[in-house]
Amino acid sequence: MKKIFILLFSIFLLANYSKAQYADNLWLTHYLLNKKFLKNNLLNSNKNLDELTDNRPVINNELIYHSVFFDFHYTITGTDAVNTTDENQNGIPDYIENMASVFDSVHKIYQSRGFAMPPPDNSTGGSDNFDVYVCNLDLISKTVLGYTALEDYIGDNPNSKNIHEAYSYSSYMVMRNNYNGFSEAPVNNIKSTAAHEFMHAIQAGYSIYIINDLWFSEMIAVWAEDYIYPELNGAIPYLYKFFLNTDVSLNFNEKYSYPKINNYYGTWIFAKYLTEHTSDTIIKNIYERIISSNNIILAISKELSERWGITFEQLFRNFIIANAVLESDSSYSPYNYSKASDYNSFLTKNGVKRFEKTFNYNSTPINYKSNRDGNGILMHLSSDYIKINSTGNFTITYSPKKNNLSDIILLKYGINNKLTIQNSDSINNDKIIQVNDNSNNSSYILIVYRINSNFTDSSSLQYTINIADQYIGINNNILNKQENISIYPNPIVNDYININVNYKVENLNINIYNLTGDLLYKNTFNNTNQVKAYISDFPNGLYVITIGDKKNILKREKLIICHK
């Protein structure tokens, strides 16, 4: 038997933030390469990391309890001894029976949801049941809750149906012999650790590529805690770092740079958004796609486009809007979470700063530079949030230092907190949003975001935002030109709309959006001043049309479509 590598998970360090205390994480790397750090920070000086983790634990006077799906290895003597209380007097400590009950329940739920169970280990622990060793983990750290260790290469997992794995591995788990002294009740720590760590064992049964991609494997394992035991709210504390670092890549891995961020556990909220707006089965489906692609983002993208009719980019855009909105009400769909009120409560209680900046605009131009006025971080698959209050109409000009698949969205909060979303228009290399209805709005959230599903570099994009009455360099005659553009009929009862301009435009750009900001129609007409835009397939409702030339937005107007 050759050990490939060991994975240690669930090492919790308690820390105080703001007014509340919650669990922070120090997660060990996949290959335990930095053993000097571990020896200096986690181990008793008389113990060697290799001795403790390179093989299955050796338990003196070992006893084995066979549950439905697991073999629990434990002892009632020595430093690894468990509490011997046995209320039903069946010879099995209640601690072990209770732990087994939790694990069997977790196994049944995962199995009933269609996940392939981890492959057998050739009876290494005495049978083909999954082995759980119950030990004194204080030898590693007094804050370790448990870990999963990968063991042997299996190839094709015999416990899966109708799929063929190429990189499946067997594994085992190690749990504490007691959970006294932790902030959570022992049973709650056992539940969350069982859900989290057994999901890692399931991942290893599908593909080593899932385990190798730290952000994804941990994102799903933390999501699994919430999935199996939503009543514990055990995953919510991880949102602290996520919402402090929304400008860090979704698939960020600390081996690249910024090692102190450790943001990947907070990304469970992406898995939560993903499953709430598709189905819980999507995680299993993504696992199965990873078997053939060995690429996480590609697997997610294909699953979304082929089964759910949405691109990864579209869903990620909806996700970052949902993180700004944080509403539970279904009327905000697809920008809602079922437990958003709990997330909001936690973030507020812990004083999490959710905005990069807050601007109060009163006709005095504002110029913001990300590397001068912000933290200078905007990685791929990330977002910055800026709050805007204004006394009048205004124009936002977003200028990235380089064209790197970035854009802006404006969330407009109106009467009764009604939300509308306004997308940007492009002028040269700038993105422009003109607000002409400020009297209808109470506040705004500007989202700056980057979406590049194949980009793995953690470098940051720098940008400038200008807020002024009108676009920088705008032609002084544009406001007058608006009066020379007519859009009719409105309301629209036919299959088309007429746009007349009282002067010839070299490139006349017509865009039509729905109220959630989705671009439904886009066309450019050359050297003309009279065009028809055909909208016969648009459902009846309210829309927004923008008319522009090569440099500017010339007019924005609401459309009412009411086909007969």
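Residues numbered from 1 in each chain as written. Predicted model: local features only at pLDDT ≥ 70, side-chain atom pairs only at ≥ 80, totals over all residues. Heavy atoms only, no water.

## Structural notes on the overall build of the chain
- Helix and strand content of the chain: 14 helices and 22 strands.
- By the burial criterion, 57% of the 564 residues in the chain qualify as buried.
- Looking at the chain alone, contacts between residues at least 24 apart form 68% of all its contacts between residues at least 6 apart.
- Taken as a whole, the chain presents about 24200 Å² of accessible surface, with 45% of it coming from carbon and sulfur. (Helix = DSSP H or I, 4+ residues; strand = E, 2+ residues; numbered from the N terminus. Buried < 20%, exposed > 50% of the residue type's maximum accessible area, 1.4 Å probe, protein only. Contact = heavy atoms within 4.5 Å. Areas by Shrake-Rupley, 256 points an atom, 1.4 Å probe, with all protein chains shown as cover.)

## Points about helix α3 (residues 94-112)
- Taking 1.5 Å per residue, 19 residues should reach 27 Å; α3 reaches 27 Å between its end C-alpha atoms and fits that length.
- When we look at burial in α3, the residues that qualify are D94, Y95, I96, E97, M99, A100, V102, F103, D104, V106, H107 and Y110.
- If you follow the buried residues of α3, they end up packed against β3 (63-66), β4 (70-74), β5 (130-135), β7 (168-176), α4 (186-206) and α6 (214-228).
- Of the residues one or two after α3, G114 is the one with positive phi, at around 95°. (Expected span 1.5 Å × (residues − 1).)

## Quick word on the sheet that holds strand β9 (residues 366-369)
- Spatially, the five strands line up as an open sheet ordered β9-β17-β11-β15-β14, and their pairing is antiparallel. The strands lining the two open edges of the sheet, one partner per strand, are β9 and β14 (425-427). The sheet shows a mean angle of 20° between the axes of neighbouring strands, taken without regard to direction.
- Note that strand β11 (residues 394-400) and strand β15 (residues 430-435) share five bridges and pair antiparallel. Bridging from a neighbouring strand, Y398 pairs with K431 of β15. (Pairing = 2+ DSSP bridges. Axes fitted to C-alpha atoms, helices over the stretch in contact; angles between N-to-C directions.)

## Examining the packing of α6 against helix α9 (residues 282-293)
- Running from N to C, α6 and α9 point in directions that differ by 155°, and their axes come no closer than 12 Å. Classified by the angle between their axes, α6 and α9 sit roughly antiparallel to one another. For the element pair α6 and α9, the recorded crossing hand is left-handed. Residues F216, I220 and W223 of α6 form the contact with α9, whose participating residues are I283, I286, Y287 and I290.
- Of the residues belonging to the contact of α6 with α9, the class tally is seven nonpolar, no polar and no charged. (Parallel < 35°, antiparallel > 145°, perpendicular 65-115°, else oblique. Left-handed = near helix turned anticlockwise from the far one by under 90°. Nonpolar A, V, L, I, M, F, W, Y, C, P; charged D, E, K, R; others polar.)

## Notes on the sheet that holds strand β13 (residues 419-423)
- Spatial strand order, β8-β10-β16-β12-β13: five strands in an open sheet with mixed pairing. For this open sheet the edge positions go to β8 (357-361) and β13, each flanked by a neighbour on one side alone. Along the sheet, successive strands turn relative to each other by an average axial angle of 25°, direction set aside.
- With nine bridges connecting them, strand β12 (residues 406-414) and strand β16 (residues 441-450) associate as antiparallel partners. The residue of β16 that forms the bridge with D407 is Y449.

Distances and angles like these do not, on their own, reveal function.
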